[in-house]
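Tertiary structure, described
Given next are the chains, with one letter for each unit.
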Amino acid sequence: MALSRVERLQVWLFKALTGLLFALFRFFSPRGSAALSGKRLPPVGHPLLLESATQLARKIRRKEVSSVEVVQAYIDRIQEVNPFLNAVIKDRFAAALQEAAQVDKLIEEETGGEDVLEDRLPFLGVPLSVKESFSLQGMPFATGLVSRRGVVATVDAPPVALLKRAGAIPMGVTNTSELCMWMESHNHLHGVTNNPYDLERIPGGSSGGEGSILGAAGAVIGVGSDIGGSIRMPCFFNGIFGHKTTPGVVSHDNQHPQCSGRQEEYVSTGPMCRYAEDLLPMLRIMAGPKASMLSLDAEVDLKKLRFFTIPHDGGSPFTSPVSRELIDVQRKVAERLEADLGVEVREVRLPELRYGFPIWDTYMALRDDDGKPPRPFAELMGDSGPPAWPLWELLKWLVGRSEHTMAAIGLALMERTHHSKPAPFIIQQKEKLQREVEELLGTDGVFLYPSHPRVAPRHHHPLFRPFDFVYTGIISILGLPVTQCPLGLGEEGLPLGVQVVAGRLQDHLSLAVALYLEKTFGGWREPGGKP
């Protein structure tokens with residue numbers, strides 16, 4: 001069914017507004033830093049930086065290496081690459097070294113043996129990076145909002161607390177987009193974060209600082225949150241693994257901003273890492289008592305799964321066409337699955353996907369069970385003060401006086417186009433898509449879907465294509481678990497990848513496929529390394 005006249009007008013208005021904002025941005029914004037143009041990251045020098053967290057924890061328990069050595073290696077790497085990336089916005093290196101020394105002392109005094117330590121403290125002595133929107137005691141908690149400068153977390157967010165309880169050592173907090181609602185990690189408090197594979201490109205958002213420092217081998221494991229692709233886009237653009245958990249399993253408490261309306265039904269917190277074998281143990285820890293909702297201990301026989309591939313969204317007027325190299329690499333995944341496992345990977349088309357953006361936009365604005373709407377983005381921009389006036393902020397931005405980014409101002413402006421009641425046609429399309437996907441996947445199916453229409457864009461270019469995130473966003477609204485998997489480097493030396501989507505609470509299936517894809521396609525590649 002074609003878009004209605006009103007919907008076509010809405011598409012035109014959206015594109016006209018974003019085109020105007022991008023033109024204004026290009027005209028009035030300062031040029032990028034010439035100091036970083038053409039520069040590349042230093043190569044990875046220390047062999048400990050090329051071990052998974054699981055392997056590092058094992059070596060630390062066995063006293064083959066000390067936690068102090070591992071932590072120091074990561075401190076050195078962060079200090080080496082962060083001037084290029086601006087990913088880590090506040091470190092806690094001195095405290096991390098003290099905690100690492102305590103770990104080494106604990107291991108020396110442990111009498112129960114390695115197995116006891118592994119059971120109680122599976123990530124003992126391993127460095128951890130944390131997205132700044134998660135509360136980490138004693139660290140900044142501003143989420144890129146200038147008015148929150150000086151806000152310091154007094155507690156740990158539950159997933160962070162659980163990882164610390166499992167022995168992980170936080171190294172610092174990483175940059176985000178302003179209020180975590182944009183696909184580029186840029187704000188006027190901490191600046192712009194760069195992609196380790198090309199410093200003139202974005203690392204994604206909102207967990208872009210995490211993606212950047214992980215992709216640069218400045219971290220081995222990290223945590224992110226995702227309501228529209230904020231784990232998956234940074235993982236895709238930076239060539240690492242990430243998992244958007246089935247909603248409701250991992251706590252979203254003590255993060256900023258908090259969800260409102262029905263957004264808790266779509267948001268997920270999950271692991272980000274360079275090595276696929278770390279995903280499942282991280283998720284088991286982060287889920288805490290709710291880990292029992294997932295079948296994380298179940299053996300997965302990939303040969304018994306049903307595989308599907310969806311090459312694109314069917315030609316949405318909101319999104320860019322998927323690039324040829326991403327279509328080709330997804331096809332290669334299907335071919336390898338068939339050749340290696342003897343399975344059939346069936347290509348399917350779901351016409352409702354072309355309405356992905358209006359579905360995401362509509363459902364993000366739904367009222368909760370008490371009839372209360374989500375908190376307007378303009379209110380979030382104002383934090384504890386009065387709401388921001390987006391038109392006034394736009395005028396201030398034009399003369400360099402706004403504390404907000406163009407992306408945040410644009411989102412606040414677009415919110416004003418929302419109808420008071422959701423369009424029945426869009427609700428119908430979502431409900432139909434939900435039924436089709438649930439019937440397709442069942443409890444033993446997975447499908448491949450592009451992570452984004454193209455590889456990592458250049459800085460600020462998403463302002464001109466703001467709806468391309470919907471390749472990840474629509475999966476959030478469907479409430480499905482997804483594992484983002486790297487698939488090597490493309491023609492420009494930038495990471496390729498694919499989303500592996502499973503049925504609700506079937507997270508273990510996509511995690512198992514991630515292990516296979518890492519073995520088959522090589523997983524994370526060092527920036528500047530071979531494709």
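All of these numbers come straight from a predicted model, not from anything done at the bench.

1. Remarks on the domain arrangement of the chain
The domains assigned to the chain are domain 1 (31-366 + 422-521) and domain 2 (367-421). For domain 1 and domain 2, the distance between their C-alpha centroids amounts to 27 Å. At the junction of the two partners, domain 1 supplies 25 residues and domain 2 supplies 24 residues. Of the roughly 1,900 Å² buried between domain 1 and domain 2, counting both surfaces, carbon and sulfur atoms make up 60%. Counting across the interface, domain 1 meets domain 2 through two salt bridges. Taking the shortest distance from any N to any O, the salt bridge between Arg148 and Asp383 comes out at 3.6 Å. For the interface between domain 1 and domain 2, the tally reads seven residue pairs in polar contact (both at pLDDT 80 or more). Elements supplying a minimum of two residues to the side of domain 1 that touches domain 2: strand 4 (186-187) and helix 11 (356-364). Across the side of domain 1 that touches domain 2, the residue classes tally to 13 nonpolar, eight polar and four charged.

2. Details of the UniProt feature "domain: Amidase" (unreviewed entry) in the chain
If you check UniProt for "domain: Amidase" (unreviewed entry), the listed places come out as residues 69-509 in our numbering. Helix makes up 35% of residues 69-509 and strand 14%, whereas the separation of the span's terminal C-alpha atoms amounts to 35 Å.

3. Side note on the environment of Pro127
Mapped onto the secondary structure, Pro127 falls in strand 2 (residues 127-131). Accessibility expressed as a relative area gives 3% for Pro127, which makes it buried. A sequence separation of 40 residues divides Pro127 from Gly167, and the C-alpha atoms of the two residues are 9.2 Å apart. In this structure, Pro127 is in contact with Val70, Val71, Tyr74, Ile169, Met171, Val220 and Ile221, ignoring residues within four places of it in sequence.

4. Section: the packing of helix 6 (residues 158-165) against helix 9 (residues 279-287)
For the pair helix 6 and helix 9, the least separation of the axes is 8 Å and the interaxial angle reads 115 degrees. By crossing handedness, the relation of helix 6 to helix 9 is classed as right-handed. Mapping the contact onto sequence places Pro159, Leu162 and Leu163 in helix 6 and Met282, Ile285 and Met286 in helix 9. Here the contact of helix 6 with helix 9 is built from residues that sort into six nonpolar, no polar and no charged.

5. What about the confidence of the model for the chain?
Looking at the chain as a whole, the pLDDT averages 95, with 94% of positions reaching at least 70. Model confidence for the chain, summarised as mean pLDDT per element, is weakest for helix 1 (residues 5-28) at 66 and strongest for strand 3 (residues 169-174) at 99.

6. Concerning the sheet that holds strand 1 (residues 88-91)
Pairing between the strands of a sheet comes from backbone hydrogen bonds, and it takes one of two forms, parallel or antiparallel. Pairing within the open sheet is mixed, and its eleven strands lie in the order 1-3-2-6-8-7-12-13-11-9-10. Sheet topology places strand 1 and strand 10 (345-347) at the edges, where each strand pairs with a single neighbour. Within the sheet, the average angular offset between the axes of one strand and its neighbour, ignoring direction, is 25 degrees. In terms of strand pairing, strand 9 (residues 306-309) meets strand 11 (residues 445-449) through four bridges, oriented parallel. Bridge assignment links Arg306 to a residue of strand 11, and that residue is Gly445.

7. Regarding a nonpolar patch on the surface
Nonpolar side chains collect at one region of the surface, where Trp389, Trp392 and Leu395 lie side by side and expose about 420 Å² of accessible area between them. Its place among the elements puts Trp389 in the loop between helix 12 (377-382) and helix 13 (390-398).

8. Observations regarding helix 15 (residues 424-441)
In this model helix 15 runs 26 Å from its N-terminal to its C-terminal C-alpha over 18 residues, within 8% of the 26 Å that 1.5 Å per residue would give. Backbone geometry just after helix 15 places Gly442 at a positive phi near 55 degrees.

Reading the values: rules and limits
Residues numbered from 1 in each chain as written. Predicted model: local features only at pLDDT ≥ 70, side-chain atom pairs only at ≥ 80, totals over all residues. Heavy atoms only, no water. Domains from an automatic or database assignment. Contact = heavy atoms within 4.5 Å. Buried area = accessible area lost by both parts, 1.4 Å probe. Salt bridge = Lys/Arg side-chain N within 4 Å of Asp/Glu carboxyl O. Polar contact = N/O pair within 3.5 Å; in protein donor to acceptor, adjacent residues only side chain to side chain. Helix = DSSP H or I, 4+ residues; strand = E, 2+ residues; numbered from the N terminus. Nonpolar A, V, L, I, M, F, W, Y, C, P; charged D, E, K, R; others polar. UniProt positions renumbered as here; feature names shortened; annotations may be inferred. Buried < 20%, exposed > 50% of the residue type's maximum accessible area, 1.4 Å probe, protein only. Axes fitted to C-alpha atoms, helices over the stretch in contact; angles between N-to-C directions. Left-handed = near helix turned anticlockwise from the far one by under 90°. pLDDT = per-residue confidence, 0-100. Pairing = 2+ DSSP bridges. Patch = residues over 30% accessible without salt bridge, like charges linked within 9 Å, V, L, I, M, F, W, Y side chains within 5 Å. Areas by Shrake-Rupley, 256 points an atom, 1.4 Å probe, with all protein chains shown as cover. Expected span 1.5 Å × (residues − 1).

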